[in-house]
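Chain by chain, the residues run as shown.
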Amino acid sequence: MIKIDSQRLINISDYYYQEIHSTVIDKYSRAALGNNPFTGNDLRLWFVNSTGQLDMRFLKTLLTGTIDEIIKTNIEIEYYLKTCKFLHYSSEQVDAKLTGMKKVTNRIAIRQAYVAKFSNPWLDKYTKAPGNLSFFSSNKNYNKLVREVKADMLDLNVLLAQMIDYEYISKELRHELLHRIGIEVCPYCNRQYITSYIDHSEKKSTADLDHYYPNSRFKLFSLSLHNFVPACQICNSRFKLAKGIEILDPYRDGFDRDTYFEVGLNPASNSDSLIGGNTFFNIELHQMHTGNRADQLEGNIRLFQLENVYQSHKEYVRELLYKQYVYKDAYKKDLTALFDNMQLTEQEIHLFLYGHALQDDKLGDRPLSKLAYDIITRT
Ligand SMILES: [Zn+2]
């Protein structure tokens, strides 16, 4: 929902690398990596330089670079990411979409288009092999394709987990990272504080460290700093888990203005509902974008049940509407005189009135900022 400035991660890259790289080097030295099930090539080749030693530049990129920077280091890693994505999003973007759809030809086209989105030599090995075109003709055959690719990916991830796995991060390091990233409100829901605190001189946090690409399915990125998202436990443990719904990467993208909250009238509403007289209304969350970003925006709304959970903030919205009504109308003159006297800036007036500065670049600082911003600036 709220974009996080990725500079927060860049600022702690050196610290994180110092803390984690020796563990990975140690695991690597003991690992029996074997061959990549997709290519038959020695998997160790991903990690070594021209002299056959562990490539420290690659290791640093893998641990502290963005996902884009990591896949640029080796075309095979791009194939890995595409194939993992194909598996992860398949049940949502193919099975769920096809449920209840009648026309057989459309069903084939949807399966083909989905696979084409992630086309790469690893996947093509199955889908483009002579005689394998039948993968698209029925659910049974398509599921067989998914099962076969998944089996190879599981094997590959088991090999990778010998050196790269989230469990190699200690509890202390996880809490330290949450402290250093310094996010105070869950970026997925913008409802819960995620608090860092000190308990008997030990750093702790109420936040979970979510993996944008889940640890269980995208093993290679399970220690990548730019894959870590501080999130509240409800969003991470109750809603997200490893469900294959595609959502926005919070380090790249937020809801911005094309997804917004609005007060929606219902049959119980009356003339007081829009001026804070009652809570006889619904809180609606609209998404105005089209294309791939629209799918991700809707993914966020669906995965984190945003429109549903925000219904519990009607009383808060009623207060906002009432304050806005009072400020706009009857008492505006008196309040303006008071604010002039106090020499408040516009943001300070907003803070005074609504508890929010209503700045669109600061929506991540307090819970419900996006809701307040949309209700006040759009009503
Ligand atoms: Zn949350």
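Quick caveat, the model's predicted, so the values are computed rather than measured. (Residues numbered from 1 in each chain as written. Predicted model: local features only at pLDDT ≥ 70, side-chain atom pairs only at ≥ 80, totals over all residues.)

## Overview of the domain arrangement of the protein
Here's step 1: One can read the domain layout of the protein as domain 1 (169-240) and domain 2 (256-378).
Here's step 2: Distance from the C-alpha centre of domain 1 to the C-alpha centre of domain 2: 27 Å.
Here's step 3: At the interface, 12 residues of domain 1 touch 13 residues of domain 2.
Here's step 4: Looking at the side of domain 1 that touches domain 2 residue by residue, the class counts come to seven nonpolar, two polar and three charged. (Domains from an automatic or database assignment. Contact = placed C-beta atoms within 7 Å. Nonpolar A, V, L, I, M, F, W, Y, C, P; charged D, E, K, R; others polar.)

## Examining the nonpolar core
Grouped burial of nonpolar side chains is what soluble globular proteins tend to show.
Here's step 1: Ranked by size, the top nonpolar core spans 80 residues in total, and within it C186, C189, C235 and I375 carry the most contacts.
Here's step 2: Formed jointly, this core draws a minimum of three residues from each of two domains, domain 1 (169-240) and domain 2 (256-378).
Here's step 3: Not counting residues within four places of it along the chain, the set of residues in contact with C235 comprises C186, Y188, C189, K240 and F304. (Core = buried A, V, L, I, M, F, W, Y, C linked by C-beta atoms within 7 Å. Buried ≥ 20, exposed ≤ 12 C-beta atoms within 10 Å, placed from the backbone.)

## Brief notes about unusual backbone geometry
Here's step 1: The backbone of N190 sits at a positive phi, close to 55°, despite the residue not being glycine.
Here's step 2: Judged by C-beta crowding, with 24 C-beta atoms within 10 Å, N190 ranks as buried.
Here's step 3: Not every positive phi belongs to a glycine, and H200 is a case in point at roughly 50°.
Here's step 4: With respect to the helices, strands and loops of the structure, H200 is situated in the loop between strand 1 (196-199) and strand 2 (202-205).
Here's step 5: Taking the number of C-beta atoms within 10 Å as the measure of exposure, H200 has 5 and is therefore exposed. (Helix = DSSP H or I, 4+ residues; strand = E, 2+ residues; numbered from the N terminus.)

## Let's talk about helix 4 (residues 75-98)
Here's step 1: Taking 1.5 Å per residue as the helical rise, helix 4 with its 24 residues ought to reach 34 Å, and the 32 Å between its terminal C-alpha atoms agrees with that figure.
Here's step 2: Largest kink in helix 4: about 60°, centred on Y89.
Here's step 3: Where helix 4 is concerned, the buried positions are Y79, Y80, T83, C84, F86, L87, H88, S90, Q93 and V94.
Here's step 4: One or two steps after helix 4, the chain reaches G100, where phi turns positive at roughly 85°. (Expected span 1.5 Å × (residues − 1). Bend = angle between axes of the 7 residues up to and from the residue.)

## Here we look at the packing of helix 12 (residues 314-328) against helix 15 (residues 369-378)
Here's step 1: Across the interface, helix 12 lies against helix 15 with an axial gap of 10 Å and an inter-helix angle of 35°. In the crossing of helix 12 with helix 15, the sense of the turn from one axis to the other is right-handed. On the side of helix 12, the interface is formed by V317, L320, L321 and Q324, while helix 15 contributes A372, I375 and I376.
Here's step 2: Residue composition of the contact of helix 12 with helix 15, by class: six nonpolar, one polar and no charged. (Axes fitted to C-alpha atoms, helices over the stretch in contact; angles between N-to-C directions. Left-handed = near helix turned anticlockwise from the far one by under 90°.)

## Concerning helix 7 (residues 139-160)
Spacing of three or four residues puts side chains on the same side of an α-helix, whose turn is 3.6 residues.
Here's step 1: The terminal C-alpha atoms of helix 7, which comprises 22 residues, lie 31 Å apart, in line with the 32 Å expected from a rise of 1.5 Å per residue.
Here's step 2: For helix 7, the full list of buried residues reads Y142, L145, V149, M153, L156, N157 and L160. One side of helix 7 carries all its buried residues, which in axial view fall inside an arc of 100°. Those residues of helix 7 that are exposed and angled more than 90 degrees off the buried face are K140, R147, A151 and V158. (Arc of directions from axis to C-beta.)

## A short note on the pairing of strand 4 (residues 228-231)
Here's step 1: Here strand 4 shows a buried face lined by F228 and P230 and a second buried face lined by V229 and A231.
Here's step 2: Note: strand 3 (residues 208-211) against strand 4, four bridges, orientation antiparallel. Directly across from L209, in strand 4, lies its bridge partner P230. (Pairing = 2+ DSSP bridges.)

## Description of the confidence of the model for the protein
Here's step 1: The pLDDT averaged across the protein works out to 91; a share of 97% of its residues lies at or above 70.
Here's step 2: Within the protein, helix 13 (residues 332-342) has the poorest average pLDDT of any element, 77, and helix 2 (residues 56-64) the best, 98. (pLDDT = per-residue confidence, 0-100.)

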